[in-house]
Every structure is written in C-alpha cells, then in structure tokens.
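Coordinates in review
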Amino acid sequence: MKKIAFITILLVTFTSQSQLKNILKKTNKATTALSTDAISSGLKEALNNGINKQVVKLTAKDGFFGNQLVKITLPEELAKVDKTLRKIGLGSMADEGILALNRAAEEAVKESTPIFVDAIKGMSITDAKSILTGNQDAATTYLQKSTSTALYSKFNPVIQKSLNDVGATKIWETLINKYNSIPLVTKVNPNLTDYTTNKALEGVFKMIAVEEKNIRTNLNARTSDLVKKVFALQDNK
C-alpha cells in the first residue's frame, strides 16, 4: 500500500493537471487518491483553518505580548538603551514602551485576514501539489511569498498610528533622547515603526508554521473528511 501511494505522489509532482486526473482515477482502487480539485480544496480549507485558529489569536489583547514565541522585544540597538535606562531608574518607562510595540502589532494583524483569504483563493493546482508534497513549512512559505508585501503595506500605517495613539512614539522619543544625552554613549535613532512591522510579520508566519506542522503531524488536527484524505496522501509519500 505504501509503495503504491509513494508512486502516486511522485506522479502528482511530475505530470500535468490532465494527466494527474487520469492517474488518480486509475489508482483509486489501491489508495484514497483524490482529484486535483479535491486536493486543492482540502489544502485551501486547511490553510483557512490555520489562519482562523492561529493568526486570529494574535489580534487579542496580549496576543503578542503574552506569547513568548512572538513577543516583540527591543531591537539590538535599543537593548543597550534599555539596560542603561534601567540603571538610572527609567525601567518602568522602558517596560511601557515594549508593551506599546506589542499592542501596535496586535492591532495591525487585524488587517491581515482579507489578504490571506485572497492568497488562498488564488492558489493554483501547481501550488497545491507543491505544498502537499513539499517540506513541513511549504504552506507557510507559499503564504509568506504571496502576502508579505501586501501585509507590510497594511501593517505599517496601522502600527504607526497605534504607536502614536498609545503614546509609544513619545515614550520612545523621550527615552532615546535621555539616552543620547548621556555622555560618551553612541547615539541611536531606530525606526520603531519599521521594526515593529517586520516583527509583526515574523510573528504571523511563526504562528502559521505552528499550525501547519500540527496538521501535517497530528491526525486529530485534521478537522474534516476532505482534509484527512488530502493529508493522508502526504503521510504515505
């Protein structure tokens, strides 16, 4: 059975869509092979489930701040700022500034769902085959390539506004100015909006990767008969 399924997956990878349909029909008696349309639909369903389950978590209060996997900490150039300011009694302001970065990311991610939905809708048969037979993070990689530019454009102004609204921009300007006024330190002037935007993107794709790994390795994470059948093909490759 495993040998037949393995041959089926190889054929899926190297044949055209029309050839694939014929091959899957011929091997249907030996395996739970599916049509290319079914494979595509199953993968789209799994991706949508992953977005709804993991990415939406990030939009809640402490979605970033309370999740050590994606929590936004200070950029390297500000780590020394943080350490120095704590020595002079400004640790609470630094903590407030870090929280504000995470709150801005949580707000920005609310803009992501329509972009992911469009990317999933636009997934081709070729994309579906590559994802199904690819690495453990093939779906995450597909979404990253398909959405990163659009997500950055959406996230950046939201994060900038959020940082302004919660006073984070003013907090960090104050902290950085205080730090830069200390004799003999190397002055810093980081772009916190750009930094936070990129860290928000990084967090989104980390969470998608978590769900992709789960659905590829955990049978109980496959929530419908179609998804189960599609990923059964992957299990036997």
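Source: prediction; values computed, not measured.

Cut-off values and rules
Residues numbered from 1 in each chain as written. Predicted model: local features only at pLDDT ≥ 70, side-chain atom pairs only at ≥ 80, totals over all residues. Heavy atoms only, no water. Helix = DSSP H or I, 4+ residues; strand = E, 2+ residues; numbered from the N terminus. Expected span 1.5 Å × (residues − 1). Bend = angle between axes of the 7 residues up to and from the residue. Buried < 20%, exposed > 50% of the residue type's maximum accessible area, 1.4 Å probe, protein only. Core = buried A, V, L, I, M, F, W, Y, C linked by side-chain atoms within 4.5 Å. Contact = heavy atoms within 4.5 Å. Axes fitted to C-alpha atoms, helices over the stretch in contact; angles between N-to-C directions. Parallel < 35°, antiparallel > 145°, perpendicular 65-115°, else oblique. Nonpolar A, V, L, I, M, F, W, Y, C, P; charged D, E, K, R; others polar. Left-handed = near helix turned anticlockwise from the far one by under 90°.

Further remarks concern helix α8 (residues 138-165). Taking 1.5 Å per residue as the helical rise, α8 with its 28 residues ought to reach 40 Å, and the 37 Å between its terminal C-alpha atoms agrees with that figure. In α8, a bend of some 55 degrees at T147 exceeds every other bend along the element. The positive-phi residue at the C-terminal boundary of α8 is G167, with phi of around 80 degrees.

If you check helix α3 (residues 36-55), its first and last C-alpha atoms are 27 Å apart, about what 20 residues at 1.5 Å a residue would give, namely 28 Å. When we look at burial in α3, the residues that qualify are T36, A38, I39, S40, G42, L43, A46, L47, G50, I51, Q54 and V55.

Residues L43, F116, L143, F155 and W172 are the most contacted members of the largest nonpolar core, which totals 59 residues. No other element matches the nine residues that helix α10 (residues 192-217) contributes to this core. L143 has contacts with L47, I51, F116, A119, I120, S148, F205 and I208, leaving out every residue within four places of it along the chain.

Here the focus is the packing of α3 against helix α11 (residues 225-235). Put simply, α3 and α11 touch, their axes get as near as 9 Å, and they point 110 degrees apart. The angle between α3 and α11 places the two elements in the roughly perpendicular class. Counting all contacts with α3, which are made through A38, I39, S41, G42, L43, E45 and A46, the residues of α11 involved are L226, V227, V230, F231 and L233. Broken down by class, the residue content of the contact of α3 with α11 amounts to nine nonpolar, two polar and one charged.

Another aspect to go through is the side chain of E211. Residue placement: E211 occurs in helix α10. Of the residues examined, E211 reaches a relative accessible area of 7% and is grouped as buried. When neighbours within four sequence positions are excluded, E211 is seen to be in contact with G50, K53 and Q54.

Attention shifts here to the environment of D127. Looking at the secondary structure, you find D127 in helix α7 (residues 125-133). Along the primary structure D127 and L43 are separated by 84 residues, whereas in three dimensions their C-alpha atoms are 9.9 Å apart. Setting aside anything within four residues of it in sequence, one finds D127 in contact with G122 and Y142.

Here we come to the packing of α3 against α7. It is at 9 Å that the axes of α3 and α7 come closest, and there the two elements cross at 70 degrees. What the angle tells us is that α3 and α7 run roughly perpendicular. Handedness of the crossing formed by α3 with α7: left-handed. Residues T36, D37, I39, S40 and L43 of α3 touch α7, and the partners they reach there are I125, A128, I131 and L132. Here the residues of the contact of α3 with α7 are counted per class, giving six nonpolar, two polar and one charged.

In short, geometric facts, not functional conclusions.
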